[in-house]
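Inside the fold
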Amino acid sequence: MCAAPGSKTAQLIEFLHADEDKVPSGFVMANDVDNSRCYMLVHQAKRLNSPCILITNHDSALMPALVTTDNKDPTKTKPLKFDRILCDVPCSGDATLRKNPDIWLKWSTGNGNNLHG
């Protein structure tokens, strides 16, 4: 979630391909709600040349339930569950406020709203 521009996604793909003798059984699904940021993700993924990445452009709060073919019975499907989810959410700036108390004098709710349209 919030995967663009893609450096952490690239690290996950490289980790997935750590055993270079075979194609990994898993994959990385990278999602970002912003369409233009997804283009950055695609550009980053092309450099990796991996068959194990899926890029989606969706609001992660409304992500649909995904299904996959059941290995035991190919005529049926089963829910696709993730081993791990990494959500690199946009910065709130609160660490900067703690490090630089002078910012508090100029801070307003409008400042925070400007960060997250």
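Definitions and cut-offs
Residues numbered from 1 in each chain as written. Predicted model: local features only at pLDDT ≥ 70, side-chain atom pairs only at ≥ 80, totals over all residues. Heavy atoms only, no water. UniProt positions renumbered as here; feature names shortened; annotations may be inferred. 1 Å grid on protein atoms, 1.4 Å probe; cavity = no way out; pocket = protein on both sides within 12 Å on 5 of 7 lines; lining within 4 Å. Contact = heavy atoms within 4.5 Å. Polar contact = N/O pair within 3.5 Å; in protein donor to acceptor, adjacent residues only side chain to side chain. Points joined across faces, edges and corners; volume = space filled by probe spheres on them. Helix = DSSP H or I, 4+ residues; strand = E, 2+ residues; numbered from the N terminus. Nonpolar A, V, L, I, M, F, W, Y, C, P; charged D, E, K, R; others polar. Expected span 1.5 Å × (residues − 1). Buried < 20%, exposed > 50% of the residue type's maximum accessible area, 1.4 Å probe, protein only. Arc of directions from axis to C-beta. Salt bridge = Lys/Arg side-chain N within 4 Å of Asp/Glu carboxyl O.

Our focus in this paragraph is the UniProt feature "binding site: S-adenosyl-L-methionine" (unreviewed entry) in the chain. With numbering matched to this structure, UniProt assigns "binding site: S-adenosyl-L-methionine" (unreviewed entry) to C2, A3, A4, P5, G6, S7, K8, D32, D59 and D88. Looking only at the residues we just named, the largest pocket is lined by C2, A3, A4, P5, G6, S7, K8 and D88. Setting aside residues up to four positions removed in sequence, C2 forms contacts with N31, D32, C87, D88, V89 and P90. A distance of 3.0 Å separates a polar atom in the side chain of D59 from the backbone nitrogen of A61.

So, about the layout of surface pockets. Taken as a whole, the largest pocket spans an internal volume of roughly 870 Å³. Elements supplying a minimum of two residues to the lining of the largest pocket: α1 (7–16) and β1 (28–31). A per-element tally of the lining of the largest pocket places α1 first, with six residues. In this structure, the second largest pocket spans a volume of roughly 210 Å³. For the lining of the second largest pocket, a count of residues per class yields four nonpolar, two polar and five charged.

What follows concerns helix α2 (residues 35–48). Helix length check: α2, at 14 residues, gives a terminal C-alpha distance of 20 Å against a target of 20 Å (1.5 Å per residue), a fit within 8%. All buried positions along α2 are accounted for by C38, L41, Q44 and A45. Around the axis of α2, the buried residues are gathered within 115 degrees of arc, so they sit on the same side. For α2, the exposed residues set more than 90 degrees away from the buried face come down to Y39, H43, K46 and R47.

Looking now at the pattern of salt bridges. Enumeration according to the criterion identifies three salt bridges in this entry. One salt bridge connects D88 with K8, and the closest N-O pair in it is separated by 3.0 Å. Here K8 lies in helix α1 and D88 lies in the loop between β4 (77–79) and α3 (94–99), a separation of 80 residues in the sequence. On the accessibility criterion, D88 (36% relative accessible area) is partly exposed. With a closest N to O distance of 4.0 Å, D73 and K76 form a salt bridge.

The next subject is the environment of C52. Tracing the backbone through its elements, the reader meets C52 in the loop between α2 and β2 (53–56). A sequence separation of 42 residues divides C52 from D94, and the C-alpha atoms of the two residues are 35 Å apart.

Once that is clear, we can look at the environment of R47. Looking at where R47 falls in the secondary structure, it is placed in helix α2. Taking the relative accessible area as the measure of exposure, R47 reaches 60% and is therefore exposed. As a C-alpha pair, R47 and A18 span 29 residues in sequence and 17 Å in three-dimensional space. Within polar-contact distance, the side chain of R47 engages the side chain of Q44 at 2.3 Å.

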